[in-house]
Amino acid sequence: MDIYSRLINRENPLPKDFVPEDLVSCEFPFLAAGSEEKRLLCSAAAESARRLIEYGKSFGCHLAGISGYRSYARQQEIYETRLREAGPEHVSRFLAPPGASEHQSGLALDVSCPSVHMELDESFAETREGRWLAAYAPMFGFILRYPRGKEHITGYAWEPWHIRYVSKSLALYLALTGLTLEEYHRI
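This is a predicted model, so every value here is computed, not measured.

A. Up close: the state of the cysteines. Under the defined criterion, the tally for this structure stands at 0 disulfides. Left without a disulfide partner, Cys26 is nearest to the cysteine sulfur of Cys42, which lies 10 Å away. With no disulfide of its own, Cys113 lies closest to Cys61 among cysteine sulfurs, the gap being 8.4 Å.

See the structure below:
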């Protein structure tokens, strides 16, 4: 199985020392300095995201990257901080433990737009950009990884801003069938 279709979650974590070999800095609007790790993605995902965001501009959509690659150590730091601040119930719905975050794969990207002040918030889904992203992401190899109504399957709350690169063919298949990556792996 290739990395693009790999299921990454609590039951299928990445090794602690996993670092993608082909991380590159994203060449599209990003809410992070060029030197920040979260601005990185695997080269195929970065190029597809660049084309997706560029194409969105022709529809009047202004998307920007918020968070891409996240190392195991960084995820552990975020996880422990949120656990102290928000407690285990909140964290279990919204945050992957270290190793279980798709961001470590370099294939996941959180995006937002100016109309929600670049926040990662459910209201993003109702923006022009959020609706456009849901419709067009599969044409560029991305899926909305944590869709509404599938929380009991993915194990995470709905995140209309979190996209995952899986390749164009798999993204289109999942979009047409309505399957999550978990359901696809059960077939």
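Read on, since the account is not over.
B. Inspection of helix α1 (residues 43-57) at higher detail. Here α1 contains 15 residues, and its C-alpha end-to-end distance of 21 Å stays within 8% of the 21 Å for a straight helix at 1.5 Å per residue. Every buried residue of α1 is accounted for by Ala45, Ala46, Ser48, Ala49, Leu52, Ile53 and Gly56. The buried side chains of α1 occupy one side of the element, clustering within an arc of 170 degrees when seen end-on. Taken together, the buried residues of α1 touch β1 (23-25), β2 (40-42), β4 (108-112), α4 (128-136), β5 (142-146) and β6 (159-165).

C. Examining the nonpolar core more closely. Core analysis: the largest hydrophobic core is formed by 27 residues, its most contacted members being Phe28, Leu41, Leu109, Phe124, Leu133 and Phe142. Listed by contribution, the elements that provide at least two residues to this core are β2, α1, β4, α4 and β6. With 5 residues, α1 is the largest single contributor of residues to this core. Residues in contact with Leu133, not counting those within four places in the same chain, are Leu52, Leu63, Val111, Phe124, Pro138, Leu144, Pro160 and Ile163. The next biggest cluster of nonpolar side chains, apart from the first, holds 7 residues, and it includes Val166, Leu170, Ala171 and Leu181.

D. Representation of the pattern of salt bridges within the structure. Using the criterion set out here, one finds 9 salt bridges in the structure. Where Glu47 meets Arg50, a salt bridge forms, and the shortest distance between an N and an O atom there is 2.7 Å. Of this pair, Glu47 and Arg50 both sit in helix α1, 3 residues apart, roughly one helical turn. The exposure class of Arg50 is partly exposed, given its relative accessible area of 29%. Ionic pairing is found between Arg148 and Glu126, a salt bridge with its closest N-O pair at 3.8 Å. Of the two residues, Arg148 is situated in the loop between β5 and α5 (151-154) and Glu126 in the loop between β4 and α4; the sequence distance between them amounts to 22 residues. Judged on exposure class, the residue Arg148 and its partner Glu126 are both exposed. By sharing partners, the salt bridges in this structure join Glu102, Arg145, Arg164 and Glu182 into a single network.

E. Region of interest: the packing of aromatic side chains. Per the stated rule, a full pass over the model turns up 12 aromatic pairs. Ring geometry for Tyr4 against Tyr165: centres 5.1 Å apart, planes inclined by 90 degrees, an arrangement best described as edge-to-face. Pair noted here: Tyr4 is in the segment before β1 and Tyr165 is in strand β6, with a separation of 161 residues, a long-range link. On the basis of relative accessible area, Tyr165 is assigned to the buried category, the value being 10%. Note on Tyr55 and Phe59: the rings are 5.2 Å apart at their centroids and 75 degrees apart in plane angle, and the pair reads as edge-to-face.

Each value, and the rule that gives it
- Per chain, residues are indexed from 1 in the order of the written sequence.
- Given that the model is predicted, a residue must reach a pLDDT of at least 70 before its local features are reported, and side-chain atom pairs must reach 80 or more before they are shown or counted; all residues, however, enter totals for whole chains, interfaces and linings.
- For side-chain calculations, the full set of non-hydrogen atoms in the structure is used, while hydrogens and water are omitted.
- Only a pair of cysteine sulfur atoms within 2.5 Å qualifies as a disulfide here.
- What counts as a helix is a DSSP run of H or I of at least four residues, what counts as a strand is a run of E of at least two, and both are numbered from the N terminus.
- Expected span of a helix: the number of residues minus one, times 1.5 Å.
- We call a residue buried when its accessible area falls under 20% of the maximum for its residue type, exposed when it is over 50%, and partly exposed in between, using a 1.4 Å probe and counting protein chains only.
- The arc in question is the one spanned by the directions pointing from the helix axis to the C-beta atoms.
- In this analysis, two residues are considered to be in contact whenever any of their non-hydrogen atoms come within 4.5 Å of each other.
- We define a nonpolar core as any set of buried Ala, Val, Leu, Ile, Met, Phe, Trp, Tyr and Cys residues linked to one another through side-chain atoms lying within 4.5 Å.
- For this document, the term salt bridge refers to a Lys or Arg side-chain nitrogen within 4 Å of an Asp or Glu carboxyl oxygen.
- Planes of paired rings set the category: under 30 degrees apart is stacked, over 60 is edge-to-face and the rest tilted, where pairs are Phe, Tyr or Trp rings (Trp by its six-membered ring) whose centres lie within 6.5 Å.

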